[in-house]
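Below are the chains, spelled out letter by letter.
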Amino acid sequence: MAEFTVARFAGDGVGPEVMAEADKVLSAVGGAFGHRFRAIDLLLGGAAIDRYGVPLRGEDAAAAAAADAILLGAVGGPAWDSPTRAVRPEQGLLALRKRLGLYANLRPVALLSPLVDASPLKGALVEGVDLLVVRELTGGIYFGRPSRRWRERRGRAAVDTLVYREHEIVRVVRLAFDLARTRRRRLASIDKANVLESSRLWRTVVSEIAADYPDVDLEHVLVDAMAMHLVRNPARFDVVVTENMFGDILTDEASVIAGSIGLLPSASLGAAHAGANGRRLGLYEPIHGSAPDIAGQNRANPIGMILSAALLLRWSLGLEREAVAVETAVADAVAAGALTADLVTVDHHALSTSAMGDAVAGRVQAA
Ligand code: IPM
Ligand code: MG
């Protein structure tokens, strides 16, 4: 019987509620496949600020780094949101990504076919969408220095810095090409090369790397045009690679295709462990936020969190069969009509967060 250590940051808002459902599903996986998942609970974001005064303690980051994988709920909320605050929940998440070297954020967007009507886009457009956004996660304008505010004679001013170094582009773009090879062999690289110098470097490096992947069909797309293509013809894309902030914005947009942002998982990966059959330390989180408006109501959709646990099984623990079992259980539950409030039109037909988790965990156990 294999034992794995999973560090858990439930975080803020609906984070703890959806985390509980991922936990339920992992227990079911453990029972069905004979594994033990040992959880270590750690504080991040607003929860850590309230307890320790900082959004992430160094020792908690170290404990997470020592685990086999990390699960994260969501961070942030109105209690910590004032733009004048020096200490913010999001800083904890950014510090964790940076400190653990999690430079590649994988955000798959696929439509579960029973949910075709949940998408606000026309069915004919979203049918068959299966795209994977690879977002650079530890560089760009999120981390560039200087980043500060000051006062001058004519008023206030602020600066953020968008900087990319070649090695930061190379590693994430190579991963994207490698992933394209495991899929439909198409890669779209998104930039703003008509305006930004950093994007011209990005585009140059991508074109150079493409020489090593003659079997992958590459296109460069400007980010503003991409925003349009995503809602006009999303099925055209396979793997999409882009820098940090463009990826942040485009993946919220892409989530609409699937019907609800509550459905979508993500995996943030660092370098592969040397020698260890391609396994990597990773942090797994739904792409939705802390949803303070519904926190504590047992209404949040736990599927993005549960599918994040499936990605954890696949990418960090090397448990492909188990990952597929969870993904199949989610698809089967949804096909059988298990839907949370974000996916139904008539509210009294909606399952609660915990009932949705039960529906998935039960199917994993029965598999
Ligand atoms: C995301 C979130 C984060 C980001 C925030 C919470 C810092 O929007 O993971 O997409 O901007 O990366
Ligand atoms: Mg975001």
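Rules and cut-offs
Residues numbered from 1 in each chain as written. Chains lettered and ligands numbered in written order. Predicted model: local features only at pLDDT ≥ 70, side-chain atom pairs only at ≥ 80, totals over all residues. Heavy atoms only, no water. Helix = DSSP H or I, 4+ residues; strand = E, 2+ residues; numbered from the N terminus. Buried < 20%, exposed > 50% of the residue type's maximum accessible area, 1.4 Å probe, protein only. Contact = heavy atoms within 4.5 Å. Areas by Shrake-Rupley, 256 points an atom, 1.4 Å probe, with all protein chains shown as cover. Lys, Arg positive; Asp, Glu negative; His and termini not counted. Charge placed at Lys NZ, Arg CZ, Asp CG, Glu CD. Near = heavy atom within 4 Å. Polar contact = N/O pair within 3.5 Å; in protein donor to acceptor, adjacent residues only side chain to side chain. Nonpolar A, V, L, I, M, F, W, Y, C, P; charged D, E, K, R; others polar. Pairing = 2+ DSSP bridges. Axes fitted to C-alpha atoms, helices over the stretch in contact; angles between N-to-C directions. Expected span 1.5 Å × (residues − 1). Arc of directions from axis to C-beta. Domains from an automatic or database assignment. Buried area = accessible area lost by both parts, 1.4 Å probe. Salt bridge = Lys/Arg side-chain N within 4 Å of Asp/Glu carboxyl O. UniProt positions renumbered as here; feature names shortened; annotations may be inferred.

Undergrad: Looking at this structure, I do not really get the overall build of the protein chain. What am I missing?
TA: If you tally the helices and strands in the protein chain, you get twelve helices and twelve strands. In terms of overall dimensions, the protein chain has a C-alpha envelope of 60 × 50 × 50 Å along the principal axes. Within the span of the protein chain, comprising 367 residues, buried residues form 51% of the whole. Sequence-distant contacts, at least 24 apart, represent 75% of the contacts inside the protein chain between residues at least 6 apart. Here the protein chain displays about 15,800 Å² of accessible surface, and carbon together with sulfur accounts for 52% of that area. Between the centroid of the 40 positive side chains of the protein chain and the centroid of its 43 negative side chains there is a distance of 5 Å.

Undergrad: Any chance you could explain the site of ligand 1 here in plain terms?
TA: Around ligand 1 sit Glu90, Arg97, Arg107, Arg135, Tyr142 and Asp248, and that is every residue in its neighbourhood. A distance of 2.7 Å separates an oxygen atom of ligand 1 from a polar atom in the side chain of Arg97. The separation between an oxygen atom of ligand 1 and a polar side-chain atom of Arg107 is 2.9 Å. Taken by itself ligand 1 offers 320 Å² of open surface, and the protein chains cover 78% of this. Residue composition of the shell around ligand 1, by class: one nonpolar, no polar and five charged.

Undergrad: Explanation requested: the pairing of strand β12 (residues 280-286) in the structure shown.
TA: On a regular strand, each side chain points to the face opposite its neighbour's, so the side chains alternate between the two faces of the sheet. Within β12, seven of the seven residues are buried, which leaves the element mostly enclosed by the surrounding structure. Every second residue of β12 is oriented toward a common face, with Arg280, Gly282, Tyr284 and Pro286 on one face and Leu281, Leu283 and Glu285 on the other, all of them buried. Summarising the sheet, strand β3 (residues 69-74) and β12 pair through two bridges and their orientation is parallel. Opposite Ile70, over in β12, you have Leu283 as the bridge partner. Looking at chain direction, strand β11 (residues 265-272) and β12 are connected through six bridges and run antiparallel. By the bridge assignment, Leu269 is partnered in β12 with Gly282.

Undergrad: Any chance you could explain the environment of Val240 here in plain terms?
TA: Along the chain, the position of Val240 falls in strand β10 (residues 239-242). For Val240, a relative accessible area of 2% translates into the label buried. Ignoring any residue separated from it by four or fewer positions in sequence, one finds Val240 in contact with Leu132, Val133, Val134, Leu187, Ala188, Ile190 and Met226.

Undergrad: I keep staring at the sheet that holds β11 and nothing clicks. Help me out?
TA: Adjacent strands of a sheet pair through backbone hydrogen bonds, lying either parallel or antiparallel. Overall, mixed pairing links the ten strands, which are arranged β2-β1-β3-β12-β11-β4-β5-β10-β8-β9 in an open sheet. Looking at which strands have only one partner, the edges of the open sheet turn out to be β2 (35-42) and β9 (217-222). Each neighbouring strand pair of the sheet contributes to a mean axis angle of 25 degrees, computed without reference to strand direction. Against the sheet, helix α4 (residues 89-99) contacts β1 (2-11), β3, β4 (104-110), β5 (130-136) and β12, and its axis sits at roughly 155 degrees relative to β12.

Undergrad: Explanation requested: helix α11 (residues 320-335) in the structure shown.
TA: Every α-helix carries 3.6 residues per turn, so stepping three or four residues along brings you back to the same face. For α11, built from 16 residues, the straight-helix expectation of 22 Å at 1.5 Å per residue is met to within 8% by its first-to-last C-alpha distance of 22 Å. Considered for burial, the residues of α11 that qualify are Glu322, Ala323, Ala325, Val326, Ala329, Val330, Ala333 and Val334. For α11, the angular spread of the buried residues around the axis is 160 degrees, confining them to a single face. With respect to the buried face of α11, the exposed residues turned more than 90 degrees away are Arg321 and Ala335. Check the buried side of α11 and you find it contacts α1 (15-33), β2, α10 (303-315) and α12 (353-366). Following α11 by one or two positions, Gly337 has its phi on the positive side, about 95 degrees.

Undergrad: I'm lost on the domain arrangement of the protein chain in this one. Help?
TA: How big an interface is tends to be reported as the loss of accessible area on association of its parts. In terms of domain boundaries, the protein chain breaks down into domain 1 (1-103 + 272-367) and domain 2 (120-258). Here the C-alpha centre of domain 2 lies 25 Å away from the C-alpha centre of domain 1. In this complex, domain 1 contributes nine residues to the contact, which on the side of domain 2 involves 14 residues. Buried surface at the junction of domain 1 and domain 2, summed over both partners, amounts to about 1,100 Å²; 66% is from carbon and sulfur atoms. Considering only the surface of domain 1 that becomes buried against domain 2, Arg97, Lys98 and Tyr103 emerge as the three largest contributors, covering 56% of it. Our count for the contact surface shared by domain 1 and domain 2 stands at zero salt bridges. Where domain 1 packs against domain 2, one counts three residue pairs in polar contact (both at pLDDT 80 or more). Of all the elements, α4 adds the most residues to the side of domain 1 that touches domain 2, at three residues.

Undergrad: Just to check I follow, could you spell out the UniProt feature "binding site: Mg(2+)" (unreviewed entry) in the protein chain for this structure?
TA: Mapped onto this numbering, the UniProt entry gives "binding site: Mg(2+)" (unreviewed entry) at Asp224, Asp248 and Asp252. Over a stretch of 29 residues, the named residues converge on one spot in the fold, their C-alpha atoms separated by at most 14.4 Å. Along the chain, Asp248 turns up in helix α9 (residues 244-258). Ignoring sequence-local partners within four residues, the contact set of Asp248 consists of Arg107, Arg135 and Tyr142. Within the secondary structure, Asp252 sits in helix α9.

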